[in-house]
Amino acid sequence: MLILECPYCGVKAEETELSPGGEAHLKRFGPGSSDEDFENYMFARKNPKGVHFERWRHSYGCGKWFLAARCTATLEVFGTYPAQTTEPPADIIDKIKAKRPDWKGYK
Amino acid sequence: MSTRLSKGGRLIDRTAPQEFTFNGKRLRGYRGDTLAAALLANDQMLVGRSFKYHRPRGIVASGAEEPNALVNMGEGGRFEPNQRTTTTELFDGLTCTSQNHWPSLEFDVGVVNNYAARFLPAGFYYKTFIHPRFAWKHVFEPVVRQSAGLGKVPKERDADRYEQAYAFCDILVVGGGIAGLQAALTAGRAGKRVWLVEQTAHWGGRAVVDGAEIDGQPAEAWVKSALQALEGMANVTIRSRCMAAGSYDHGYVLCDEKVADHTPGDGRPRHRLWRLRAGQIIAATGAIERPLSFAGNDIPGVMLASAVRDYVINWAVAPGDRTVVVTNNDDAYRTAIALKEAGLEVPVILDARASVTGDLPARARAMGIRVEAGRAIAKVKGGKRVTGVAICAQAGQGAVLEEIACDAVAMSGGWSPVVHLWSHCGGKLKWDDAQAQFTPDKARPPLNHDGSALVQTAGCASGVLATAEVLADATEAAGGGAVPAANGPAEAALEPIWVMPQGAPVQLRMKMWLDYQNDVKVSDVQLAAREGYTSVEHTKRYTTLGMATDQGKLSNINGLAVLADSLSSPIPQVGTTTFRPPYTPVTIGALAGEARGEIFQPLRRSPMHDWHLAQNAYMEPVGLWQRPYCYPRPGETHEQAVHREVRNTRSNVGLLDASTLGKIIVKGPDAGRFLDMLYTNVMSNLAIGKCRYGLMCNEQGFLSDDGVVARIDEDTWLCHTTSGGSDRIHAWMEDWLQCEWWDWQVYTANVTEQFAQIAVVGPNARKVLEKLGGMDVSKEALPFMTWADGVLGGFRVRAYRISFSGELSYEIAVPASEGRAFWDALVAVGAEFGMMPYGTEGLHVLRAEKGFIMIGDETDGTVIPQDLNLGWAISKKKDDYLGKRGQERPYLASPDRWKLVGLETLDGSVIQDGAYAPAPGFNANGQRNTQGRVTSTYFSPTLNKGIAMGLVKGGLSRLGEVIEMTKLDGTTQQVRIVDPVFYDKEGEKQNV
Amino acid sequence: MKRYSVFAIAREAMRYHQGWEKAWRSPAPKASYDAIIIGAGGHGLATAYYLGKNFGITNVAVIEKGWLGGGNTGRNTTIIRSNYLQDPSAAIYNKALSLYEDLSQDLNYNVMFSPRGLLMLAQTHHEVRGYLRTVHANNLQGVKTEWIGPEKVKELVPIINIDGPRYPVLGALYQARGGTARHDAVAWGYARACSAMGMDIIQQTEVTGVRSENGVVKGVETTRGFIGCKKLGIVVAGHSGQVADMAGFRLPVESLALQALVSEPIKPCMDVVVMANTVHGYMSQSDKGEMVIGGGTDGFNNFTQRGSFHHIEETLRALVETFPMISRLKMLRQWGGIVDMTGDRSPIISKTPLGNCFINCGWGTGGFKAIPGSGWAMAELMAKGEPGPLAAEFNMWRFREGQFIDESVAAGVAH
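Residues numbered from 1 in each chain as written. Chains lettered and ligands numbered in written order. Predicted model: local features only at pLDDT ≥ 70, side-chain atom pairs only at ≥ 80, totals over all residues. Heavy atoms only, no water.

Considerations on the side chain of B:Ser940
Where we set the bar: In this text, helices come from DSSP runs of H or I with a minimum length of four residues, and strands from runs of E with a minimum of two, each type numbered from the N-terminal end. Two residues qualify as a contact provided that any one of their heavy atoms is within 4.5 Å of a heavy atom in the partner residue.
Mapped onto the elements of the fold, B:Ser940 is located in strand β50 (residues 928-940). Excluding residues within four positions of it along the chain, B:Ser940 makes contact with B:Glu849, B:Lys945 and B:Ile947.

What follows is the structure, encoded as structure tokens:
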């Protein structure tokens, strides 16, 4: 039963208020893209056992989509941040590195 | 025999006798008794039969760990199987019966299994009942099933209700013993928001029974003053009869409060399920005493030593007149002392340790109790009740030295901390050699959302047993503070004893029970190890050790110690099985809560909902909405009603409640650009005042929703979606706007519930509206596929000239609050034009006659617009729209895809729902090849014949061809491929 | 292998069961094998078994990180059925069902396959049409299913409430051949049979790397050293992504938690398996008497084998509404497993970008019922190097082509 803090409204939202949206920071490939790029965009997922960047919507709250960095093995949450970014912010990355020295990093 | 003592009993009120029945026998107890205590007070030691061998079973414990004493309780709508008597509070009028026997508790035919026990070792069923093949299902399994199972099956609907509530705190303390109280006091004084829960009705735990001294006063007095102090703190909430069932990630804890179990039918909810969110959890959950494994340790009258003194001290019940105590530790001497002080006989204390020192044994000896060191029980004598014990040396193989008559045995094999809440979320354990127990490894706690320790343990749950240490540990767990002084007797170390006597031969080991309920013995675990089921999980599953309703509270540690010994591995290397919630079983009704019947799920009601019900509409669920399927008149079948409604709509005028249709406003400078991405066709060039049908696909390219879009003003569009799709599509829009095109200036609002929408459909539609009076609804003023704001019958309306039936049709939106009044006004003026309401099934037939597709019928998540001949609604000019790239993939662009056609039988009958069109031959897996399937099929009352739509390989290029369609009886029928538009092909009727 | 029988039990009883041999050996790994299977769950062990039985390949090791049968094989709700809509699914699940029917005899181990019948309730008109479609499709696929009305449902399941009020039962898709089996026994039976063929089941050994040369697999690095192989099968369910990563390719798979629970045992009251997909719950009664209950998956990536409690509550609400008598039973135990979900929720049995390396994963919520069929198809793929007809359409390249095998079109949910 996760708790994630919505970076928009500041509410510590419990899982029942939220809708999960899968892996974050996917780049959309549209018409003209290669078969491989399109397939990866649609299907290939990092699915790490460890640090995961993912999308959530505060559906039964402010309605905003936001992103979270979370460990899929312990469910520890490293931080949440607005969805309007193409990669994790530096302060989140630093926080993860401090807590998970073995982490191979984003990408 | 077991009896009520004439004096004492901390918890009973002798002025309040309570009558109850057991197997029809009328018995008496007192308020404050547990059902188990009251049964024992009436000399009812035999209370049930075991799972596998149907052996007689007596009460073993005094709390949640009880494996045997389960009963069928109550009657009718309050009947409940498997009630644990040791945690059931007695009330006047309680009725219960014992379980798992036939014909009676005393004479159980199933005990034949016991005589055959030698042939029924662990896992015997994996090795037999194999041949012949049909025999398992038809012969063996029914016998096994009938023999297994415990309680009877409830027959009636639950008469009680259950409540659910949320609460939040900084610190949740679980357990109302001295550790829990001290932790709560410490946290409460520090100003934390504290919850303290205790599973029983009483506070103080073991300390008040065992007579510890705290702050210079008896534990009982200290507990009382601690409770008073806690009750005086505004930041502390305390709840008794409230069991913390499980800890879940991020501090979510489920607590089951038994509000009215002991006062059934008094109008209160039976249970209240608390969903607590705690910043931190302190598990002050105590420890559970372990049985010892000696032959005959399951015979009724053999009990845990702590339980024996609980019964004596708390309820003034003597489980026996002569009780032999057998132990490997000092604590059990407390039981001997308590029995002696109550005037009962303790013929001997058998202590497996070679030397016996310590304060408690000294006291016992001083009281004149015989203490035998290095001794063990070779065998308990008796059948349905203990009659004596045979004594042997612990060190030997069980040669009997002496026999002593007794009617009860109090055993203690040491204590196991209750670590469930620590372990549920991944807290790790370590083995404590000195006390022979798994204790929480505080270096590896379960983690909270921020990576901090979610759970602390306090007191016995941490593995400390002495009162002073318990209080110090609890204080530290709660953040530190003043520790009350405490003193008690010095206790000598226990000696781990896993089998008694040490060298017991297999004949004895076959009689040593580990899991009383499931009949798992020491020999079974050893057999599992011998056969290679060496993982503790394998052993558990192969023998069913720890899988009974007590979930191994008594048996797990003893079992894995036996396993470790068999494997010559250290115990920690063998490890434990996984602790899973709940701590003790929780009533399913409490977990389901109040969502039953009409309010099982949220109900969405259109403004006209009550009118539909008043008209005797047959309602169908559409998402969380309920919509009228049809409005049958007296004597009409649903089918007849649908046909009448369709015919009337085609010939006069019909009225449809379309309020559930999704309505989403999309507004902003970039709204047009956004809709061009969302829809397959172009919406940005739609003229103000006009409507356009549009399709939406997912990124795979599959059709996901459709509807009419209206351009409201320069930067505002209103998108209609399907009834089921409004929330999904709104979320979909927001997803793209927030996460992909966040720099586009677009705002969306889902106004589905803000407007009632009513379709007035049929040749007389215009006459009805004109009669109502107001805005000009003529063909010239309001042509097909336009909309206008205006007034009708005094209501402010927005009228859309759109049609899903092929008839002259207006869909009229009014504010939801005026929906019912407007509907009533339409009904009133419509009568003279032959107006009748029609339901969703009529809607389906009308659209099918016109060949209009329905999302969910013609589509199923694998269909693209091109399959449905909707290429005209796909813009060729746009570079991009959602789904365009997906549709370019080879399989979606293939010419072999099945495409939409009309279908009709040669004789006018109706094709069956879901029918497939077989093709010649079989595929590589031997399955019949197929070439199409039906997607919608109805009887058309308008055309008086069956009509259908379907997807067929080759599509309309095969017009006129006759193919086969399957029928449920295995035959096929011939159908002709036709144009999917069956009625008014030119579309003249909607455009008048 | 000494055969199990009632006579063997009688013989052993005379010597207090001291003479039973190990069900499977616990050998040290050899330097190399003809084939290595990573993962000693049901699918991995079945793959090994049919490699030996159907193709005579017995120089095989099955390497398991934990204990055999300890993943989803040991934590599912044991439902077996083959009433799938799409041809490839119906084919492999029906193959599995057929093999289950003879599995106890084949393995000389009672897996307690119990063809007690399975119902999928239709509670909306839309669902009625969906299940009718399935019956029509099944008839052409050689899968015997039928549509039954609400009265027949009530007759088969007397404890059911068919009257709503919110979702009255309108009928059901009925597969009489469907049922349950004892899940642990399936893994143990296969393990015993594999061991008897001379295969090595190597437990408590984790694969830490995949070694290859020129794009062809050469063996695996493990916590007990390097073990060479000519062919490698990856059959590790929820951890497929991690092992695929070692082999150098990525999968269209995400790992989610799926939860289940059992009630305390009661006397027999339900002889069939009932699934109610509109309200998201399913229930059967085990031979022990427990009501075995499951629902839908959690929504986020998770490797903890724990789920979120609101899913359990939702499932129980649905089932109390469907079976009002369970309200006064008690939940005894709840647990979670990690399921691997692909882009179309159907499995992958496929060659991979790495030569002689094959993968079997993505069974999602439907894995247990597929075990024998999955092992059969995977063994054929590994033995021949090319998929047979059962596996052909489950290749991992179908996502690029858009050739989905989408079951959700009919049923919606798990199991």
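What about the interface of chain B and chain C?
The condition is simple: Simply put, the buried area is the total loss of 1.4 Å probe accessible area from both parts when two parts are fitted together. Whenever Lys or Arg places a side-chain nitrogen within 4 Å of a carboxyl oxygen from Asp or Glu, that contact is recorded as a salt bridge.
Each side of the interface is counted separately: chain B has 125 residues, and chain C has 109 residues. Summing both partners gives a buried area of about 10,600 Å² for chain B against chain C, and 54% of it is carried by carbon and sulfur. Of all residues in chain B, B:Arg145, B:Arg580 and B:Ile588 bury the most surface against chain C, accounting for 8% of the area lost on that side. Scanning the region where chain B abuts chain C turns up twelve salt bridges.

Some points on the sheet that holds strand β4 (residues 51-57) of chain A
Residue and element names in this part refer to chain A. What counts is decided by this rule: Following DSSP output, two strands are said to pair if at least two bridges run between them. Each axis is a line fitted through C-alpha atoms, and for a helix only the stretch in contact is used; angles between axes span 0 to 180 degrees, taken between their N-to-C directions.
Overall, antiparallel pairing links the four strands, which are arranged β3-β4-β5-β6 in an open sheet. The open sheet has two edge strands with one neighbour each: β3 (19-23) and β6 (77-82). Each adjacent strand pair in this sheet contributes to an overall mean axis angle of 30 degrees, direction not counted. Pairing between strand β5 (residues 65-71) and β6: five bridges, direction antiparallel.

Things to note about helix α7 (residues 219-231) of chain B
Residues and elements named next belong to chain B. In plain terms, the rule: What a helix is expected to span follows from its residue count: subtract one and scale by 1.5 Å. For each residue, the accessible area found with a 1.4 Å probe, counting protein chains only, is set against the maximum for its type, and the residue is called buried under 20%, exposed over 50%, and partly exposed in between. Think of the arc as the fan of directions from the helix axis to the C-beta atoms.
Between its first and last C-alpha atoms α7 spans 18 Å; for 13 residues at 1.5 Å apiece the expected length is 18 Å, and the two agree. Along α7, the residues that are buried comprise Ala219, Trp222, Val223, Ala226, Leu227 and Leu230. On an axial view of α7, the arc spanned by its buried residues comes to 135 degrees, and they lie on one face. The outward face of α7, more than 90 degrees from its buried face, is lined by the exposed residues Lys224, Gln228 and Glu231.

Focus: the UniProt feature "domain: Rhodanese" (unreviewed entry) in chain C
Short version of the rule: UniProt positions are given in the numbering used here, feature names are shortened, and annotations may be inferred rather than shown by experiment.
Here, the residues flagged by UniProt with the feature "domain: Rhodanese" (unreviewed entry) are residues 36-79 of chain C. Helix makes up 32% of residues 36-79 of chain C and strand 18%. Its end C-alpha atoms lie 29 Å apart.

Some thoughts on the interface of chain A and chain B
The cut-off we apply is this: What qualifies as a polar contact is a pair of N or O atoms within 3.5 Å, subject to a donor-acceptor requirement within protein and to the restriction that residues adjacent in sequence count only when both atoms come from side chains. Following the grouping adopted for this structure description, the nonpolar residues are Ala, Val, Leu, Ile, Met, Phe, Trp, Tyr, Cys and Pro, the charged ones are Asp, Glu, Lys and Arg, and the polar ones are all others, Gly among them.
Listed by partner, the interface residues are 30 residues for chain A and 31 residues for chain B. Regarding the contact of chain A and chain B, the summed buried area is about 2,600 Å², with carbon and sulfur atoms giving 52% of it. Where chain A packs against chain B, one counts five salt bridges. Residue A:Arg55 is joined to B:Asp735 by a salt bridge in which the shortest nitrogen-to-oxygen separation is 2.8 Å. Applying the counting criterion to the chain A and chain B interface returns 16 residue pairs in polar contact (both at pLDDT 80 or more). Among the elements that make up the side of chain A that touches chain B, the one with the highest residue count is helix α1 (residues 35-42) of chain A (four residues). Along the lines of polarity and charge, the residues of the side of chain A that touches chain B split into 13 nonpolar, nine polar and eight charged.

Structural notes on empty space enclosed by the protein
Over the atoms, a rolling probe the size of a water molecule traces out where space has been left empty. All names here are of chain B. Rule in force here: Detection works on a 1 Å grid of protein atoms alone, calling trapped sets that fit a 1.4 Å probe cavities and calling open sets with protein on both sides within 12 Å along at least five of seven lines pockets, with lining residues defined by an atom within 4 Å of a point. Grid points are joined across faces, edges and corners, and a volume is the space filled by probe spheres set on the points.
This model, assessed by the stated rule, comprises eleven cavities of 30 Å³ or more. Approximately 440 Å³ is the volume attributed to the largest cavity. Together, 31 residues line the largest cavity, and Gln551, Gly552, Asn556, Thr577 and Phe579 are the ones closest to its centre. Of all elements in the fold, only β27 (415-417), β29 (437-440), α15 (536-543) and α16 (556-567) reach the threshold of two or more residues within the lining of the largest cavity. Counted by class, the lining of the largest cavity contains 14 nonpolar, twelve polar and five charged residues.

Topic: the sheet that holds strand β15 (residues 291-301) of chain C
Strand order in the open sheet made by the nine strands is β34(B)-β16(C)-β12(C)-β15(C)-β14(C)-β13(C)-β4(C)-β6(C)-β5(C), with mixed pairing throughout. The open sheet has two edge strands with one neighbour each: β34 (586-587) of chain B together with β5 (146-148) of chain C. Where strand β12 (residues 253-263) of chain C meets strand β16 (residues 330-342) of chain C, eleven bridges bridge the pair, whose relative direction is antiparallel. Note that in β16(C) the partner of C:Val262 across the bridge is C:Arg333.

Some thoughts on unusual backbone geometry
B:Pro103 follows B:Trp102 through a cis peptide bond whose omega is 5 degrees. In this fold, B:Pro103 is placed in the loop between β8 (94-98) and α2 (112-115). With a phi close to 60 degrees, A:His25 is a non-glycine residue in the positive phi region. Tracing the chain through its elements places A:His25 in the loop between β3 and α1. In the Ramachandran plot, B:His250 falls in the positive-phi region, its phi being about 60 degrees despite a non-glycine side chain. With respect to the helices, strands and loops of the structure, B:His250 is situated in the loop between β14 (242-248) and β15 (252-258). Residue classification places B:His250 among the buried positions, given a relative accessible area of 1%.

Points about the pattern of salt bridges
By the definition in use, this model includes 89 salt bridges over all chains. For B:Lys127, the salt bridge goes to B:Glu531, with nearest N and O atoms at 2.9 Å. In this pair, B:Lys127 is assigned in helix α3 (residues 124-127) and B:Glu531 in the loop between α14 (522-530) and α15, connecting sequence segments 404 residues apart. On the basis of relative accessibility, which here comes to 1%, the residue B:Lys127 falls in the buried class. The residue C:Arg398 makes a salt bridge to C:Asp344 at a minimum N-O spacing of 2.8 Å. Taken together, the residues C:Arg398 in helix α12 (residues 398-401) and C:Asp344 in the loop between β16 and β17 (348-351) connect sequence positions 54 residues apart. Here C:Arg398 falls in the buried class, since its relative accessible area comes to 2%. Connected through shared salt-bridge partners, B:Arg78, B:Glu80, B:Asp158, B:Asp160, B:Asp261, B:Arg270, C:Glu264, C:Arg328 and C:Lys330 make up one network.

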